[in-house]
Amino acid sequence: MLKSARKQEKDDEGRMPLLDHLRELRNRLLKAVLAIVVVTIVAAFFQKDIYDFLLRPLLESVGCKDGVVVAVNGKPCALLKTNTLLAPFTNALKVALMSGVLLATPVWLYQLWAFVAPGLHQGEKRYAYAFAVVGAPLFLSGGYLAYAILPQTAEIMLGFSPENVQNQIELDSYLDLLVRMVIVFGIAFELPLLLIALNMTGVVSGKRMLGWWRGMIVGLTAFAAIATPGGEPVSMLLLAGPLAVLYFIAVGFSLLNDKRRNRNNPDAELSDDEASDLDLTPEPIGSVENVSGSRPALPGQASGEADGPGSHRLNGYDDVT
């Protein structure tokens, strides 16, 4: 059932009918979902260890012990709680699913790139594996950055609590916040791969990307301010800084790729209304073919009766018209 449509329709340039494209998309999605489900089931057996990993930074930074309201360092602390009977079960499913999505990143990234790769030239299809190999660490790095700055964000948010007020954080809301931050940060770290893909497909040149740098810096800073819950400058810079570095890395790769492509195509830098140099060197002429000087007469001229015997004219004209 998961047999690739491209094995049925062999084309060197990856061309196929629309229905085969849809069938290929379905197969790629099924493979990606299957990988996530398998990893989710495995993660369910390690639920306690995953819980400890997710909750440790928050509990160590703002967790309350023995029911006190103020932590040892004098700052407000918080207790984690669940409100409903089904909350522990739904939270366990949420943790397992989040782990499945994160740990199966190499698989679903490869399936995504493998669906797009046939639109590239034959020599560029090998980058499908590189996309998954590089994209997975980038996504996981973004997710880990969100995990790392969450304790600092929690301290800042709880700092607004009045004195002698106990903060109680619902476990499901904390997990929702953590999942959103991990996904948003992970997708944000895929920005260089998106820019490189646009460059490799010829949509955007590296020179044009470099011209965007001012707007990109402002946009990345604004995105970091929105994505970090605390809104404080340290967390914002921790996200905007790596994104800016990744952007310039993508621009550098795109410039090198354009330079490599231009070496093979001398007319690549010309605009659409510019003409390339023409080779006006005359080519040698081959052997001359002898052509008979006599021309065939029209029916009215062949008899020679129009303007007298032996004449090929008719009423003063060379043909019957």
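So, here's what we can say about the structure. The model shown is predicted, which means the values in this text are computed figures rather than measured ones.

## Focus: the overall build of the protein
Logical step 1: The helix and strand inventory of the protein stands at 12 helices and two strands.
Logical step 2: When the helices and strands of the protein are placed in sequence order, the string is α-α-α-β-α-α-α-β-α-α-α-α-α-α.
Logical step 3: Among the 321 residues that make up the protein, the fraction classed as buried is 35%.
Logical step 4: Only carbon and sulfur atoms are counted for the fraction: they give 64% of the accessible area of the protein, which is about 20,600 Å².

## Observations regarding the side chain of Thr105
Logical step 1: Among the secondary structure elements, Thr105 is positioned in helix α5 (residues 105–116).
Logical step 2: For Thr105, a relative accessible area of 0% puts it in the buried group.
Logical step 3: Setting aside residues no more than four positions away along its own chain, Thr105 makes contact with Ala136, Phe139 and Leu140.

## Description of the side chain of Asn27
Logical step 1: Turning to its location among the elements, Asn27 is positioned in helix α2 (residues 18–44).
Logical step 2: Within the structure, the side chain of Asn27 is placed 3.1 Å from the side chain of Arg26, a separation counted as a polar contact.

## Some points on the packing of helix α3 (residues 47–62) against helix α4 (residues 87–103)
Logical step 1: The contact between α3 and α4 brings their axes to 10 Å, and the two run at 85°. As the angle between them shows, α3 and α4 are arranged roughly perpendicular. Mapping the contact onto sequence places Gln47, Ile50, Tyr51 and Leu54 in α3 and Pro88, Asn91, Ala92, Val95, Met98 and Ser99 in α4.

## Examining the pattern of salt bridges
Logical step 1: Counted by the stated rule, this structure contains three salt bridges.
Logical step 2: One salt bridge in this structure joins Arg28 and Glu24, with 2.9 Å as the shortest N-O distance. Taken together, the residues span about one helical turn, with Arg28 and Glu24 both in helix α2 at a distance of four residues.
Logical step 3: Across the pair Asp52 and Lys48 runs a salt bridge, and its minimum N-O distance is 3.4 Å. Placement of both Asp52 and Lys48 in helix α3 is noted, with a separation of four residues, approximately one turn of the helix.
Logical step 4: Looking at Lys48, the relative accessible area reads 61%, which means it is exposed.

## Section: the environment of Gly206
Logical step 1: The topology assignment puts Gly206 in helix α9 (residues 206–211).
Logical step 2: C-alpha separation for the pair Gly206 and Gly252, spaced 46 residues apart in sequence, amounts to 7.4 Å.
Logical step 3: Among residues more than four places away in sequence, those in contact with Gly206 are Asn199, Val251, Ser254, Leu255 and Asp258.

## A closer look at the packing of α2 against α4
Logical step 1: The contact between α2 and α4 brings their axes to 7 Å, and the two run at 130°. Between α2 and α4, the angle falls in the class oblique. Pair α2 / α4 crosses with right-handed handedness. When α2 is examined against α4, the residues Ile36, Val39, Thr40, Ala43 and Ala44 are found in contact with a partner set consisting of Ala96, Leu97, Ser99, Gly100, Val101 and Leu103.
Logical step 2: Its residues assigned to classes, the contact of α2 with α4 shows eight nonpolar, three polar and no charged.

## Description of the packing of aromatic side chains
Logical step 1: Tallied over the full model, the rule gives four aromatic pairs.
Logical step 2: Aromatic side chains Tyr144 and Tyr147 sit 5.8 Å apart centroid to centroid with 40° between the ring planes, which places their arrangement in the tilted category. Residue Tyr144 and its partner Tyr147 are located together in helix α6 (residues 127–158), separated by three residues, close to a single helical turn.
Logical step 3: Residue class for Tyr144 comes out exposed when judged on its relative accessible area of 52%.
Logical step 4: Owing to a relative accessible area of 11%, Tyr147 belongs among the buried residues under this scheme.
Logical step 5: Through successive ring pairs, a cluster of aromatic residues spans Phe53, Tyr144 and Tyr147.

## Notes on the nonpolar core
Logical step 1: Leu54, Tyr174, Leu175, Phe185, Phe189 and Leu239 are the most contacted members of the largest nonpolar core, which has 54 residues in total.
Logical step 2: For this core, the secondary-structure elements that each account for two or more residues are α3, α4, α5, α6, α7 (171–188), α8 (191–200), α10 (213–227) and α11 (233–264).
Logical step 3: With 10 residues, α6 is the largest single contributor of residues to this core.
Logical step 4: Aside from chain neighbours lying at most four places away, what touches Phe189 is Leu138, Ser141, Gly142, Leu145, Leu239, Pro242, Leu243 and Leu246.

## Describing α2
Logical step 1: Here α2 is 27 residues long and its end C-alpha atoms lie 39 Å apart, about the 39 Å a rise of 1.5 Å per residue gives.
Logical step 2: Of all the positions in α2, only Asp20, Glu24, Asn27, Arg28, Ala32, Ala35, Ile36, Thr40 and Ala43 are classed as buried.

Parameters and conventions
- Residues numbered from 1 in each chain as written.
- Predicted model: local features only at pLDDT ≥ 70, side-chain atom pairs only at ≥ 80, totals over all residues.
- Heavy atoms only, no water.
- Helix = DSSP H or I, 4+ residues; strand = E, 2+ residues; numbered from the N terminus.
- Buried < 20%, exposed > 50% of the residue type's maximum accessible area, 1.4 Å probe, protein only.
- Areas by Shrake-Rupley, 256 points an atom, 1.4 Å probe, with all protein chains shown as cover.
- Contact = heavy atoms within 4.5 Å.
- Polar contact = N/O pair within 3.5 Å; in protein donor to acceptor, adjacent residues only side chain to side chain.
- Axes fitted to C-alpha atoms, helices over the stretch in contact; angles between N-to-C directions.
- Parallel < 35°, antiparallel > 145°, perpendicular 65-115°, else oblique.
- Salt bridge = Lys/Arg side-chain N within 4 Å of Asp/Glu carboxyl O.
- Left-handed = near helix turned anticlockwise from the far one by under 90°.
- Nonpolar A, V, L, I, M, F, W, Y, C, P; charged D, E, K, R; others polar.
- Phe/Tyr/Trp six-rings, centres within 6.5 Å; stacked < 30°, edge-to-face > 60°.
- Core = buried A, V, L, I, M, F, W, Y, C linked by side-chain atoms within 4.5 Å.
- Expected span 1.5 Å × (residues − 1).

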